[in-house]
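For reference, the chains in residue letters:
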Amino acid sequence: AAVAGGLAAASVASSPAHAEAPAKIAGKKVVVVGGGTAGLAVAAQLKTKQPALEITIVEPRDVHWYQPMWTMIGGHLGYNAADSNRPMSGLIPPGVSWKQASVAKFDPKNSTVLLDSKDTLSYDCMVVAAGLKNDFDKIKGLQQALEDPKCPVGTIYDPAYAEKTDRMLAEVSKGDVFFTHPVCPIKCGGAPQKVMWLWESAMRSSGVRKDVSFHFIQGNATMFPVPKYSAALDQMAKDKGISTYFNTSLLEIDGKKQTAVYQGADGNKFTKPFAFLHVAPFMSPPDVVKSSPLANPAGFVDVNINTLQHNKFPNVYALGDSAGLPTSKTAAAAMSQAPVLVSNVVSSLSGGSPASSYDGYTSCPILVGDNKLILAEFLYDLKVSETFGNFIDQSKPSTMMYYLKKDFFPRVYWASCVKGQWYGRNSWFEPKPKAA
């Protein structure tokens with residue numbers, strides 16, 4: 001996932017950092033479920049704008065992970081798992097309470113959440129930013145293969161397994177290597193091929209590429225959902241000699257035999273041996289979300305795609321990966337959603353209606369090897385919306401964008417994103433809300 005799509009924001013109108021709290025907001029309770037990128041940003045922005053709010057973050061983990069770094073770990077760009085986390089206690093915004101627990105049950109009809117600690121929290125408004133979980137068990141043999149340190153199966157969707165992926169890069173010198181992408185929505189849909197491009201580049205540099213065949217297994221119909229970027233990536237695969245399989249899914253892994261079973265576009269199953277297999281697992285919202293009254297039929301929080309307000313429970317909002325929004329699930333998307341949601345929550349708590357609108361903006365900085373990157377930016381309906389489009393063709397690999405991703409954005413993440421001081425493509429400039 002990307003921290004943000006762009007930095008140019010000189011012409012973006014900004015709103016005051018502090019707004020006077022109406023008397024009716026003072027003392028009202030806001031519960032934020034999730035202490036990930038989206039949850040921390042929203043809590044910080046709400047507390048800054050409305051200091052009189054009583055805000056509680058519900059988050060069980062004692063560390064916070066910068067997940068975009070895991071791709072760079074698995075792609076051998078010099079990071080390790082320890083570089084990608086910070087203690088959660090140091091990231092909770094000043095004046096915000098933290099319940100180190102998980103939600104056991106949502107009760108939106110009574111505006112309460114039951115925690116696994118047996119505590120019950122009531123709220124005037126709830127923000128769900130619960131993220132996605134890895135469903136390793138949906139591919140037979142995957143969990144066992146990942147846990148076996150000698151089995152050449154990895155994934156960058158977990159810090160420990162990302163380090164294993166990095167280690168395997170040095171151990172593979174010949175044979176067939178596969179990189180898979182499931183058909184379901186996942187965190188940063190470009191990541192499964194980012195690590196592939198990084199491996200391909202590294203193997204050319206080390207001199208073993210001629211003895212290694214690369215294969216990309218894509219559960220969807222194209223390399224990337226946006227045609228402009230998909231065409232560029234298709235051509236890159238041809239130029240670099242990477243075999244591509246579309247509408248094809250990984251079904252089963254035999255780690256000891258180093259074989260995997262796939263189902264092709266024609267419905268037929270086939271088995272391939274591998275020297276290394278990188279798996280992007282199936283993902284879904286937490287079970288407590290999927291089984292709750294908040295969920296849509298797909299298990300995501302059922303919200304209006306523009307206002308981010310729940311379609312049935314008006315004092316519930318959602319953003320980030322667990323929200324039912326038809327856009328790619330990235331940190332850039334969450335950073336763009338946060339100010340819209342904050343504006344609408346304040347309006348709701350003040351007795352008004354949501355007045356700000358999210359346009360679906362998301363960004364995927366696709367690492368393509370050779371110290372280059374393609375910066376994909378788009379809105380709902382896959383409409384291209386590029387920050388630097390007047391200056392460069394963002395479908396072409398860029399060295400400048402690569403170093404922004406590799407070196408600049410990790411610093412920005414800890415210094416600004418988790419503090420609610422980064423606004424997606426508008427960088428540090430808070431955007432003027434768009435009318436809903």
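Residues numbered from 1 in each chain as written. Predicted model: local features only at pLDDT ≥ 70, side-chain atom pairs only at ≥ 80, totals over all residues. Heavy atoms only, no water.

Within the protein chain one finds nine helices and 22 strands. Computed over C-alpha atoms, the radius of gyration of the protein chain comes to 22 Å, within 12% of the 22 Å expected from 2.2 N^0.38 for 436 residues, which places it in the range of a compact globule. Its C-alpha atoms put the protein chain at 70 × 50 × 40 Å along the principal axes. Put simply, the protein chain has 436 residues, and 57% of those count as buried. Of the roughly 17200 Å² of accessible surface on the protein chain, a fraction of 52% belongs to carbon and sulfur atoms. The averaged location of the 36 negative side-chain charges in the protein chain is 2 Å from the averaged location of its 43 positive side-chain charges. (Helix = DSSP H or I, 4+ residues; strand = E, 2+ residues; numbered from the N terminus. Rg over C-alpha atoms; globule rule 2.2 N^0.38 Å. Buried < 20%, exposed > 50% of the residue type's maximum accessible area, 1.4 Å probe, protein only. Areas by Shrake-Rupley, 256 points an atom, 1.4 Å probe, with all protein chains shown as cover. Lys, Arg positive; Asp, Glu negative; His and termini not counted. Charge placed at Lys NZ, Arg CZ, Asp CG, Glu CD.)

Here we come to the sheet that holds strand β2 (residues 54-58). Strand order across the open sheet formed by five strands is β5-β2-β1-β9-β20, with parallel pairing between neighbours. If you trace the sheet from one side to the other, it starts and ends with β5 (97-99) and β20 (316-318), each paired once. Adjacent strand axes in the sheet meet at a mean angle of 20°, parallel and antiparallel pairs treated alike. The sheet contact formed by strand β1 (residues 29-33) and β2 spans five bridges and is parallel. What sits directly across from Val32, in β2, is Ile57. (Pairing = 2+ DSSP bridges. Axes fitted to C-alpha atoms, helices over the stretch in contact; angles between N-to-C directions.)

Per-residue pLDDT for the protein chain has a mean of 94; in total, 95% of the residues score no lower than 70. Below a pLDDT of 50 lies the segment residues 1-21, which in the model reaches 76 contacts outside its immediate sequence neighbourhood of four places, other chains included. (pLDDT = per-residue confidence, 0-100. Contact = heavy atoms within 4.5 Å.)

With that out of the way, let us pick up empty space enclosed by the protein. Applying the stated criterion across every chain yields a total of three cavities of 30 Å³ or more. Its boundaries defined by the atoms lining it, the largest cavity holds a volume of some 60 Å³. The wall of the largest cavity is formed by Ile139, Thr180, His181, Pro182, Ile217, Thr248, Ser249, Leu250, Ala280 and Phe282. Put simply, the parts of the chain that give the lining of the largest cavity at least two residues each are β12 (175-181) and β15 (249-254). Its residues assigned to classes, the lining of the largest cavity shows six nonpolar, four polar and no charged. (1 Å grid on protein atoms, 1.4 Å probe; cavity = no way out; pocket = protein on both sides within 12 Å on 5 of 7 lines; lining within 4 Å. Points joined across faces, edges and corners; volume = space filled by probe spheres on them. Nonpolar A, V, L, I, M, F, W, Y, C, P; charged D, E, K, R; others polar.)

So, about helix α6 (residues 227-239). With 13 residues, α6 extends 18 Å from end C-alpha to end C-alpha; this agrees with the ideal 18 Å at 1.5 Å per step. Looking at α6, one finds that the buried residues are Tyr229, Ser230, Leu233, Met236 and Ala237. Down the axis, α6 shows its buried residues gathered within 125° of arc, on one side only. Opposite the buried face of α6, at more than 90 degrees from it, the exposed residues are Pro227, Lys238 and Asp239. Buried residues along α6 sit against α5 (191-206), β14 (242-245), β21 (362-369) and β22 (372-378). Just past α6, the residue Gly241 takes up positive phi, approximately 70°. (Expected span 1.5 Å × (residues − 1). Arc of directions from axis to C-beta.)

Time to look at the pattern of salt bridges. Summed over the entire model, instances satisfying the criterion amount to 18 salt bridges. Glu200 serves as the salt-bridge partner of Arg209, at 3.0 Å between the closest nitrogen and oxygen. Neither Arg209 nor Glu200 differs from the other in exposure class; each is buried. Salt bridges linked by common partners bring Lys133, Asp135, Lys138, Asp287 and Lys290 together as one network. (Salt bridge = Lys/Arg side-chain N within 4 Å of Asp/Glu carboxyl O.)

Another aspect to go through is the sheet that holds strand β8 (residues 120-122). What holds strands together in a sheet is hydrogen bonding between their backbones, with the strands either parallel or antiparallel. Spatially, three strands are ordered β6-β7-β8 in an open sheet, and the strand pairing comes out antiparallel. Across the chains shown, the open sheet's two edge strands, defined by having one partner strand only, are β6 (103-107) and β8. Neighbour to neighbour, the strand axes of the sheet diverge by 20° on average, direction disregarded. Relative to strand β7 (residues 112-115), β6 runs antiparallel, the two sharing four bridges. From the neighbouring strand, Val103 faces β7, where its bridge partner is Leu115.

Attention shifts here to the nonpolar core. Core analysis: the largest hydrophobic core is formed by 121 residues, its most contacted members being Phe106, Trp197 and Trp199. If you tally residues by element for this core, the top one is helix α8 (residues 331-349), at eleven residues. Trp197 has contacts with Met223, Leu233, Met236, Ala237, Lys240, Ile242, Ile366, Leu367, Val368 and Gly369, leaving out every residue within four places of it along the chain. Grouped together as the second largest cluster of nonpolar side chains are 17 residues, Ala145, Ala260, Phe274 and Leu277 included. (Core = buried A, V, L, I, M, F, W, Y, C linked by side-chain atoms within 4.5 Å.)

In contact at an axis separation of 9 Å, helix α1 (residues 37-49) and α8 are set at 35° when each is read in the N-to-C sense. In this structure, α1 meets α8 at a crossing whose hand is right-handed. Here α1 contributes Thr37, Ala38, Ala41, Val42, Gln45, Leu46 and Lys49 to the contact with α8, which in turn contributes Ala331, Ala334, Met335, Ala338, Pro339, Leu341, Val342, Val345 and Val346. (Left-handed = near helix turned anticlockwise from the far one by under 90°.)

What follows deals with the layout of surface pockets. The space that makes up the largest pocket amounts to roughly 940 Å³. Lining the largest pocket are 47 residues; nearest its centre among them are Arg61, Gln67, Ala130, Gly131 and Leu132. If you list the elements that add at least two residues to the lining of the largest pocket, you get α1, β3 (63-65), α2 (68-74), β10 (133-135), α7 (287-290) and α8. Split by residue class, the lining of the largest pocket holds 27 nonpolar, 13 polar and seven charged. Reported here for the second largest pocket is a volume of approximately 480 Å³. Around the second largest pocket, the lining is made up of 26 residues, and of these Pro185, Asn220, Pro225, Thr327 and Ser328 lie nearest the centre.

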